[in-house]
Amino acid sequence: MRLPRIDEATLKTHHCGSLTTDQINLRVKLAGWVGRRRDHGGLIFIDLRDRSGLMQLVFDQQNGEELFALAESLRSEYVVAIEGDLVRRSDENINPSLPTGEIEVHVTKMEILNRSKTPPFYIEDDLNVDENLRLRYRYLDLRRPEMFNRLKLRHKAVKLVRDYMDSYDFLEVETPMLTRSTPEGARDFLVPSRVRPGSFYALPQSPQLFKQLLMVSGVERYFQIVRCFRDEDLRADRQPEFTQIDIETSFFGSENLFALIEGLMALLWKEIHGIELRLPFLRMPYREAMNRFGSDKPDLRFAMELVSIDHLAAKSDFKVFKSALEVGGAVKGLRVPGGGSMSRKDLDDLTLLARQLGAKGLAWTFVEDEGWRSPIAKFFSAELIADITEEMEALPGDVLLFVADRWATCCQVLGALRRHLAPQEMAKEPHFMWVVDFPLLHYDEEEQRFDSDHHPFTAPRVEDLELLESDPLAVRAQAYDLVLDGVEIGGGSTRIHDRETQGKIFKLLGLSTEESFDKFGFLLEALSYGAPPHGGLALGLDRLIALLVGDDSIRQVIPFPKTAAAACLMTGAPALVDEKQLDELKIMLTGDEGEEDEE
RNA sequence: GGAGCUGUGGUGUAGUUGGUUAACAUAUCGGCCUGUCAAGCCGAAGACCGCGGGUUCGAGUCCCGUCAGCUCCGCCA
């Protein structure tokens, strides 16, 4: 069977928005949805909308009563097919704000293909309605041009990615969606097995293990645009299912990987925004990012760097500063330019915020011509005040904020305040950076054991290998994150490719030999069959697209997203299932499920 | 698990220190209207204020609980 070309299709010869003055005097067939209707009595204008744009239809009573009566019955979102003559509008009737504003179609035939209930919200851009409604009627929301354009842009970006990766000989390989649960990382979504009752598959948090196994298979260059699942609480930039651009390479080296990704970002920004990115991207060690920006994903679009004032704070009489330093902590400050206009309440709110973030308190001072105006000023000599003011490059009219605590807490709290107090106006151009030299491990207080910072397959830096036994927390990983404007859009690492080192790491993480063999035996075994040196990364496609579009939430660029409670308001998922389904799976509910909707 | 914000005709909002007829815009329906493009003019219908409880002579307004959405912390890379 031949597929119909558009000019042979029965209902459409053209798309509404694709018509131009070049097609004037053509007889055209269009089909789409009724947008706005302007009824002048004997003359009716209809904005006909399809995915390409709008076309004004004109119905004149003098050209036949029957057709005109049909036009009078049109309502919002009716689906119609029309035939008519494309004509140039007379000069005074041109609408310059519409791409098709110079032309219109004088309709000679029309068929109403379907009627519509009055939609619950307007099908138009710059919509301001409850997100609840948009999600419940997502199919209507997606009819809005700005939402369709997001779908289009996402399609274009994904196509660019595929073509780019293909041009470097990367192979797109699919990996299972039904796999096994592994201990590390996020909470898994589980899928019960009917064939083996009591056993469960897990949906992949990422194809991490499979892509490493593909390296052992000799694929050498793998990528995949792949759905991943994590059963953790949601955020504006986190959905329970999300899409990654997953990449893994053998014999490639991290330098090449950086260049590859930088080239990909440059391509996307060039093709989508016409912006030439400056390459290579800035690289910053984790420690430096924390020290200067209080974040492992710094937003470099504005300055406001944190300042370490340990050496000066030690000279004060302020007990809070001194005691923090005595126990090996730190004192760091944040200068808020023009913060002098803040009220006492503003500062109280900031203090509260700092406490919620884990600080014991927040010290602050107004910087004035005469010195500091602050409850803590009395603990500082005039000389010391001058020194700190100078060290922080503060000017009269600024406010200085201080946190004295453990180093990590100082960084984290002031980093959050920095983001909170970010200026309204910041750099427009995208600020990409790599954060490198992450620690390999951190100590999980709750579990009382070491835990991987990235994941347990990350290779330690070779020169830090000997520290693995003596000082594990000091070991740096061959791991890196790609950060754009304060958002982590990707992360990866060079992997461990020998069985001994992998075994050592498992042991350090508290996985006994039997346990690690049970859970990761297939990987350990694979590593013992000639695994090549390999590494890769994964990019968060949803976040990437959201940043390209300029959206705050990835929900905007996901066609059918879930709410903060991980529910789909359109389908009602998750929902109760039939008793029979549970019986087949040998699953019995405990009765603690709480009140649920009738199903 | 925790904190904050929001919840009033279909939609978006207003509703003074609690006081009786819940206002406006827009959409909807009807009428008029031949060049509009957020069409215009006239008219009509439409909400017991998310839900439950309490305080009070009286609650959209105060209190408690609960549900939903959003944002953040924990969690998650």
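Residues numbered from 1 in each chain as written. Chains lettered and ligands numbered in written order. Predicted model: local features only at pLDDT ≥ 70, side-chain atom pairs only at ≥ 80, totals over all residues. Heavy atoms only, no water.

Asker: Can you break down the sheet that holds strand β6 (residues 171–172) residue by residue, with the values?
Answerer: In space, the eight strands of this open sheet follow the order β6-β9-β10-β22-β21-β20-β17-β11, with mixed pairing throughout. The two strands at the open ends of the sheet, each matched to only one other strand, are β6 and β11 (282–285). The pairing of strand β10 (residues 241–250) with strand β22 (residues 534–540) spans seven bridges and is antiparallel. The partner of glutamate 248 across the bridge, within β22, is glycine 536. Against the sheet, helix α4 (residues 145–167) contacts β6, β9 (221–229) and β10, and its axis sits at roughly 150° relative to β9. (Pairing = 2+ DSSP bridges. Helix = DSSP H or I, 4+ residues; strand = E, 2+ residues; numbered from the N terminus. Contact = heavy atoms within 4.5 Å. Axes fitted to C-alpha atoms, helices over the stretch in contact; angles between N-to-C directions.)

Asker: So, the environment of leucine 527: which residues are in play, and what are the values?
Answerer: Inspection of the secondary structure assignment puts leucine 527 in helix α15 (residues 513–527). C-alpha separation for the pair leucine 527 and arginine 449, spaced 78 residues apart in sequence, amounts to 25 Å. Setting aside anything within four residues of it in sequence, one finds leucine 527 in contact with Ile496, His497, Asp498, Arg499 and Gln502.

Asker: Give a description of a negative patch on the surface that names residues and reports values.
Answerer: A cluster of acidic side chains, namely Asp578, Glu579, Asp583 and Glu584, defines a negative patch on the protein surface. With respect to the helices, strands and loops of the structure, aspartate 578 is situated in the loop between α16 (541–549) and α17 (579–585). In this structure aspartate 578 comes out as exposed when scored by relative accessible area, which is 52%. (Patch = residues over 30% accessible without salt bridge, like charges linked within 9 Å, V, L, I, M, F, W, Y side chains within 5 Å. Areas by Shrake-Rupley, 256 points an atom, 1.4 Å probe, with all protein chains shown as cover. Salt bridge = Lys/Arg side-chain N within 4 Å of Asp/Glu carboxyl O. Lys, Arg positive; Asp, Glu negative; His and termini not counted. Charge placed at Lys NZ, Arg CZ, Asp CG, Glu CD. Buried < 20%, exposed > 50% of the residue type's maximum accessible area, 1.4 Å probe, protein only.)

Asker: If you had to explain the protein's contact with RNA strand B to someone new, which residues and values would you point to?
Answerer: Looking at RNA strand B, there are 44 residues lining it, with Gln62, Asn93, Glu104, Glu232 and Arg555 nearest. Take glycine 41: an N or O atom from its main chain is 3.2 Å from a base nitrogen of RNA strand B. In this structure, glutamate 232 approaches RNA strand B through a side-chain N or O atom, which is 2.5 Å from a sugar or linking oxygen. Listing elements by their share of the surface near RNA strand B, those giving two or more residues are β1 (27–39), β2 (43–50), β3 (53–60) and α2 (131–136). Its residues assigned to classes, the surface near RNA strand B shows 12 nonpolar, 16 polar and 16 charged. (Near = heavy atom within 4 Å. Polar contact = N/O pair within 3.5 Å; in protein donor to acceptor, adjacent residues only side chain to side chain. Nonpolar A, V, L, I, M, F, W, Y, C, P; charged D, E, K, R; others polar.)

Asker: Could you give an account of the layout of surface pockets, with specific residues and numbers?
Answerer: Regions of empty space are outlined by a rolling probe, equal in size to a water molecule, passed over the atoms. When its volume is computed, the second largest pocket comes out at roughly 1,000 Å³. What lines the second largest pocket is a set of 26 residues, and nearest its centre among them are Phe189, Leu190, Pro574, Ala575 and Val577. When residues of the lining of the second largest pocket are traced back to their parent elements, those giving at least two are β7 (190–192) and α17. For the lining of the second largest pocket, the residue count by class is 19 nonpolar, no polar and seven charged. (1 Å grid on protein atoms, 1.4 Å probe; cavity = no way out; pocket = protein on both sides within 12 Å on 5 of 7 lines; lining within 4 Å. Points joined across faces, edges and corners; volume = space filled by probe spheres on them.)

Asker: Could you give me a rundown of the nonpolar core, with the residues and numbers involved?
Answerer: One finds Ile247, Met265 and Leu268 to be the most contacted residues of the largest nonpolar core, which totals 43 residues. Of the residues forming this core, the biggest block, 10 residues, is contributed by helix α6 (residues 254–273). Dropping the residues within four chain positions of it, leucine 268 is found in contact with Ala157, Leu160, Val161, His273 and Leu544. Within the second largest apolar cluster, 24 residues are counted, among which are Leu30, Val34, Met55 and Val107. (Core = buried A, V, L, I, M, F, W, Y, C linked by side-chain atoms within 4.5 Å.)

Asker: Please give an account of α15 that cites residues and values.
Answerer: With 15 residues, α15 extends only 16 Å from end C-alpha to end C-alpha; this falls clearly short of the ideal 21 Å at 1.5 Å per step. Those residues of α15 not exposed but buried are Ser516, Phe520, Gly521, Leu523, Leu524, Ala526 and Leu527. (Expected span 1.5 Å × (residues − 1).)

Asker: Describe the packing of aromatic side chains, and please don't skip the residues or the numbers.
Answerer: Taken as a whole and assessed by the stated rule, the structure comprises 21 aromatic pairs. Where tryptophan 269 meets phenylalanine 432, the ring centres are 5.1 Å apart and the plane angle is 85°; that geometry is what we call edge-to-face. Linking tryptophan 269 in helix α6 with phenylalanine 432 in strand β17 (residues 432–436), this pair joins segments that are 163 residues apart in sequence. Here tryptophan 269 matches phenylalanine 432 in class, with each residue buried. Pairing phenylalanine 318 with phenylalanine 380 gives two aromatic rings, centres 6.3 Å apart and planes at 50°, and the pair type is tilted. In this pair, phenylalanine 318 sits in the loop between α8 (310–313) and α9 (319–326) while phenylalanine 380 sits in the loop between β15 (371–373) and α11 (382–391), placing the two residues 62 residues apart along the sequence. Phenylalanine 380 matches phenylalanine 318 in its accessibility class, with the two residues each being buried. Through a chain of ring-to-ring contacts, the aromatic side chains of Phe318, Phe321, Trp372, Phe379, Phe380 and Phe402 assemble into a single cluster. In this structure, arginine 287 is placed above the aromatic ring of tryptophan 407, and the distance from its NZ or CZ to the ring centre is 3.8 Å. Looking at arginine 418, its charged tip hangs above the ring of phenylalanine 302, at a distance of 4.0 Å from the centre. (Phe/Tyr/Trp six-rings, centres within 6.5 Å; stacked < 30°, edge-to-face > 60°. Lys NZ or Arg CZ within 6 Å of the ring centre and 35° of its normal.)

Asker: If you had to explain helix α14 (residues 499–508) to someone new, which residues and values would you point to?
Answerer: By the burial criterion, the buried members of α14 are Thr501, Gln502, Ile505 and Phe506. Seen end-on, α14 carries its buried residues on one side only, within an arc spanning 140°. Turned more than 90 degrees away from the buried face of α14, the exposed residues are Glu500 and Lys507. Directly after α14, the chain includes glycine 510, whose backbone phi takes a positive value near 85°. (Arc of directions from axis to C-beta.)

Asker: Provide a residue-level description of the pattern of salt bridges, including the pertinent values.
Answerer: For the structure shown, the criterion picks out 42 salt bridges. Two residues, glutamate 288 and arginine 292, come together in a salt bridge whose shortest N-O distance is 2.5 Å. Note that glutamate 288 and arginine 292 are positioned in helix α7 (residues 286–293) at a spacing of four residues, about one turn of the helix. Of the residues examined, arginine 292 reaches a relative accessible area of 29% and is grouped as partly exposed. Here the residues in one salt-bridge network are Arg134, Arg138, Asp141, Arg144, Glu146, Arg150 and Asp551, joined through shared partners.

Asker: Could you give an account of unusual backbone geometry, with specific residues and numbers?
Answerer: Following leucine 279, the chain continues to proline 280 via a peptide bond in cis, the omega torsion being -5°. Within the element layout of this structure, proline 280 appears in the loop between α6 and β11. With an omega dihedral of -5°, the bond running from alanine 573 to proline 574 counts as a cis peptide bond. Within the element layout of this structure, proline 574 appears in the loop between α16 and α17. One non-glycine residue with positive phi stands out, namely glutamate 393, at about 55°.

Asker: An account of the pairing of strand β14 (residues 363–368) is needed here, citing residue identities and associated values.
Answerer: Within β14, five of the six residues are buried, leaving the element largely enclosed by the surrounding structure. Here β14 runs beside strand β16 (residues 399–405); their pairing, made up of four bridges, is antiparallel. The residue bridging alanine 363 from the neighbouring strand is phenylalanine 402, located in β16. Counting the residues in the hairpin turn of β14 and β15 gives two residues.

Asker: So what about the packing of helix α5 (residues 208–216) against α15? Which residues, and what values?
Answerer: Angle between the axes and distance between the axes are the two parameters that describe a pair of packed helices. With their axes 10 Å apart at the nearest point, α5 and α15 run at an angle of 20° to one another. One finds that α5 runs roughly parallel with respect to α15. In the packing of α5 onto α15, the handedness of the crossing is left-handed. Where α5 abuts α15, its residues Leu209, Gln212, Leu213 and Val216 lie against Phe520, Phe522, Leu523 and Ala526. (Parallel < 35°, antiparallel > 145°, perpendicular 65-115°, else oblique. Left-handed = near helix turned anticlockwise from the far one by under 90°.)

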